[in-house]
Amino acid sequence: MSLYFSNVVLHRGPSATKEEDHCIMRKSNNYWPVSSGENQMDMDKTKDNSIAMKSLNADDRALLYPKLGPYFDDGQRRVDYVLTYQIAKPISIRQKSPKMKENNFIRKIQRSLSMRGSRAHLQPKEDPEITSDEDDKQNKREEFEKNLLETGLELEKADECKIAGIGFLKIHAPWAVLCREAEFMKLKMPTNKVFEVKQASNIVEKIRMFIHKVTSPLHPKVKSNKQESVKSLCHPFSKEKEDLFDFSDQEHFFDSKTRSSIVYEVLKRTKCTQKDPMYSMGLSSLLAEVVYTSAYPPHDGDIEGVQALPNDRKTLYEEWASYCVFYKYQPIGLIRKYFGDKVGLYFAWLGVYTQMLIPAAIVGVIVFLYGCATVDDNVPSMEICDPRNNITMCPLCDRACGYWKLVAACGTARASHLFDNPATVFFSIFMALWAVLFMEHWKRRQMRLNYVWDLTSFGEEEEEEHKDNNRAEYELLVMQKAMRRVNSDSKNEKMKLTCTDRLPFYLNAAAMMAFMITVTFVIVFGVVLYRISIKTALEINTSAGAGYNVRATVKTTAAIINLIVIIILDEIYGVIARWLTILEVPKTDKSFEERLIIKTFILKFVNAFTPIVYLAFFRGRLVGRPGNYFYVVGSYRMEECAHAGCLMELCIQLCITMLGKQLIQNNLFEIAIPKLKKMLHKKTSKMDKKQQEELIKTLQQHEKDHFLGPFVGLNPEYMEMIIQFGMVTLFVASFPLAPLFALLNNIIEIRLDAKKFVKEFRRPIAVRAKNIGIWYKLLRGLSKVAVIVNAFVISFTSDFIPRLVYQYMYSPDTTMHGFVNHSLSYFNVSDFQPGTGPTQPTIQGQKVELCRYKDYREPPSSSTPYDFSKEFWAILAARLAFVVVFQNVVMLMRDFVDWLIPDIPKDISLRIHKEKVLMVDLFMKQKHGMKLAPQEVHNRKSCTASSSNQSLQHC
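These numbers were taken from a predicted model, which means no experiment stands behind them.

(A) Here's a closer look at the overall build of the chain. What the chain contains, in helices and strands, is 33 helices and 19 strands. Sorting the 955 residues of the chain into buried and exposed places 48% on the buried side. Pairs at least 24 residues apart make up 78% of the contacts formed inside the chain by residues separated by at least 6 positions. Carbon and sulfur atoms make up 60% of the accessible area of the chain, which amounts to about 49100 Å² in all.

(B) Here's a closer look at the pattern of salt bridges. Throughout the structure, instances matching the rule amount to 35 salt bridges. Between Glu265 and Lys268 there is a salt bridge; the shortest N-O distance is 3.4 Å. One end of the pair, Glu265, and the other, Lys268, are both in helix α11 (residues 256–269), three residues apart, so they sit about a helical turn from each other. Classification of Glu265 as buried rests on a relative accessible area of 14%. With its nearest N and O atoms 2.9 Å apart, the salt bridge here joins Glu584 to Lys599. Note that Glu584 is positioned in helix α22 (residues 547–584) and Lys599 in helix α23 (residues 589–618), a separation of 15 residues in sequence. Just as Glu584 is buried, Lys599 falls in that class too.

(C) View of the pairing of strand β5 (residues 154–158). For β5, a buried count of five out of five residues is recorded, marking the element as mostly surrounded by other parts of the structure. Across the two faces of β5 the burial is the same, with Glu154, Glu156 and Ala158 and Leu155 and Lys157 all buried. Pairing geometry for β5 and strand β6 (residues 166–172), over five bridges, is antiparallel. From the neighbouring strand, Leu155 faces β6, where its bridge partner is Ile171.

(D) The arrangement of the packing of aromatic side chains in detail. Per the stated rule, a full pass over the model turns up 53 aromatic pairs. Taken together, a centroid distance of 6.5 Å and an interplanar angle of 90 degrees make the contact between Phe617 and Phe792 edge-to-face. Of this pair, Phe617 sits in helix α23 while Phe792 sits in helix α29 (residues 774–797), placing them 175 residues apart in sequence. Among the residues examined, Phe617 registers a relative accessible area of 23% and is labelled partly exposed. Judged by relative accessible area, Phe792 falls into the partly exposed class, the value being 31%. Ring geometry for Phe827 and Phe832: centres 4.9 Å apart, planes at 65 degrees, overall edge-to-face. Comparing Phe827 with Phe832 shows no difference in burial state: the two are buried. Positioned above the aromatic ring of Phe184, the side-chain terminus of Arg269 is 5.4 Å from the ring centre.

The rules behind these values
- Residues numbered from 1 in each chain as written.
- Predicted model: local features only at pLDDT ≥ 70, side-chain atom pairs only at ≥ 80, totals over all residues.
- Heavy atoms only, no water.
- Helix = DSSP H or I, 4+ residues; strand = E, 2+ residues; numbered from the N terminus.
- Buried < 20%, exposed > 50% of the residue type's maximum accessible area, 1.4 Å probe, protein only.
- Contact = heavy atoms within 4.5 Å.
- Areas by Shrake-Rupley, 256 points an atom, 1.4 Å probe, with all protein chains shown as cover.
- Salt bridge = Lys/Arg side-chain N within 4 Å of Asp/Glu carboxyl O.
- Pairing = 2+ DSSP bridges.
- Phe/Tyr/Trp six-rings, centres within 6.5 Å; stacked < 30°, edge-to-face > 60°.
- Lys NZ or Arg CZ within 6 Å of the ring centre and 35° of its normal.

Treat this as a map of the structure, not an account of what it does.
Put into structure tokens, the structure is as follows:
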């Protein structure tokens, strides 16, 4: 084996030691393996090219090699992956650092005192701890890079770059490595065989083609090398079947996404022992110990400016990551080609979800308009607004609040009808079916993408094999456990962490989760106390006519406080969930991700929906009655709902929470925080704006990517949409405009996420995936819970069931006339507990003897005063019956729709079957050709050996 460095070819003999290899590697910054049989002229030519390239500046190299972007200095070999590391400062600089002097002051005094008796000349020495740490990192890097060379990768170092203190290790995978790893990873690559994809002639396909033509202006202008009517057969790559693949263009046979994923697999597999064979450090361990500071594949090129050459990144920026094209479809194929299957599936799912919100938003607006159109025809609200009824209501608080007339609740009653009308029941059923249609539509869309992306045969075993790798923290704990083993017989056993080892971590996580949920409940209860106390304080200094304005102000401010608390706790809970997951030390990355998702979802779901659940199901339920109210924290009386019910307050809370989270947390934070970071970075920089712009122009692509933010994964993006999906489906009976607000948010969210991925983030590793994983299970669970929640909201929170029972059981003319009087009970003011009655026993100059309150109880003159009446039990039975019937009917309809719509489109199943048949035919022809080849050679030899006078025409 021989090693070729930037300007020198060094041959390694078979007896060379590891120490000699380290010395060789330290002599140059740029190195890559060269096979021993390589032509010396080719090596000299490459060496001369390298020297010539280094003699040119960046601008001249860019003119000489137009494709110089993510490339080596020779402008020919592509940079497939980049590792960055810190470059140690010179000794003189470190000694001048005041912070270092302060930290090592005592150590320097001890060293100087110990050297006073020495006759040797005193020379400046650096801190031994600092030098040992830097040397240790340097040794680990050298060993790791040497192991990378042995895998066949080509490396090039850039220590002297324009970014101070940062060194870059550029990695290139040659053709041999790409072929070897592609075969090992079982990557499906297109073969020479193509077949025509015929469109079906049924009505559904004709309608789809018609819609496709009509919406052609909405399609992005993305060039595709493949015709839509032709598809290549794909087969797992194998060097033994070279005849199947087209190797004429080796440079583009593996695209940049595939190349970076191949190099990443090699990096994960390569280890560094560093004189400790019991603990082998992989890339994740080296990053955790800051041996390398970051690792990322470079972007294809620039997206703005004159120097930005055409590339996939620039196309995505123009046709996808711009707000000007918000009305266009997403180029899902190009997204997948550039970012990988996992990112492509996320944006495909987000696009399907946004499209499905369009009919939901339209129906929601129609339901809301129906409420607006029928508000004047609503009999209960007309009776409340009729001053002739002259109904005196009991006080809403002790002592400070006085008696009030029911006509004062006219505005609230009319507003409640906008969201509490018979159409909301229809909308709840519609949204339950909408959820299952959305699931079915996504499954079919996902299957179609799997076919187009050749992922239909990508199984769980392959996914586990390539994605599940032991994490660095797990390997470290296993090493520590192995070192604690004293028994020599057990040293050779394979160590692993058992449930007993993790039990303290599990108990700690469970206790911490319970504590955080309790904190959420306490904060919600604190907001409840805020509403009670502020409302009571304002009622004391407010006239009776402005009482409802006071209550509306308190409700709105309380909802805003809940929103602020939710946003703050969301950020805290995200950090806590990650910390708890790290403490559990999951074995693999997939296990870590799933546990983190579950913890984060539980905490954020409880945080977002606890105030809403309280308003929907608990407020107004534990109030008591006049003369026997329930009190908390001393003299605070529990909250009552308005006369029209708590549905209006639930709507206000849901509206403010949903809009606030989407506007502030999902959009404003994602836009403002990166810009603030850039502003702070520019202010802390010693260069002015023009110098920074000139510096950026001279940087290479991998250096520009260093300034971008690290890719943090798709979990935050999915979590935003899952919480939004919960708000759209769970309490949609109280807020039919939720799908509309979600649709408007998602139109912006798609372009905002696209801009982050293309412009703000480093390029992520292309991960293979055929579905969205655990997120689909969460969506399906939420859609089922939504049916139950909406059934309880309609039954217990709204007045739909009481009105229905009155109309068909108690109304004399089967109309709603008299419903308000029927829903109010009587209370004798003489039964107030001492000190709880109002200070003013009169209203409008008249003394009050009986007041009314909303409940179904016996009158004071009854033999069982203030007990629940038979109307109460009849309505309760009707409510429970409605919940059971609604839930079973809707679930049955969901299951029927699920059964009716097949998961795999018929045309896709036929194409998959046709591909299998064609692939079998292709293999049979290839096998038949291999059998014929030896026979033809034998015939040719026999013809050659025959007499020269004989004719060879028969051969």
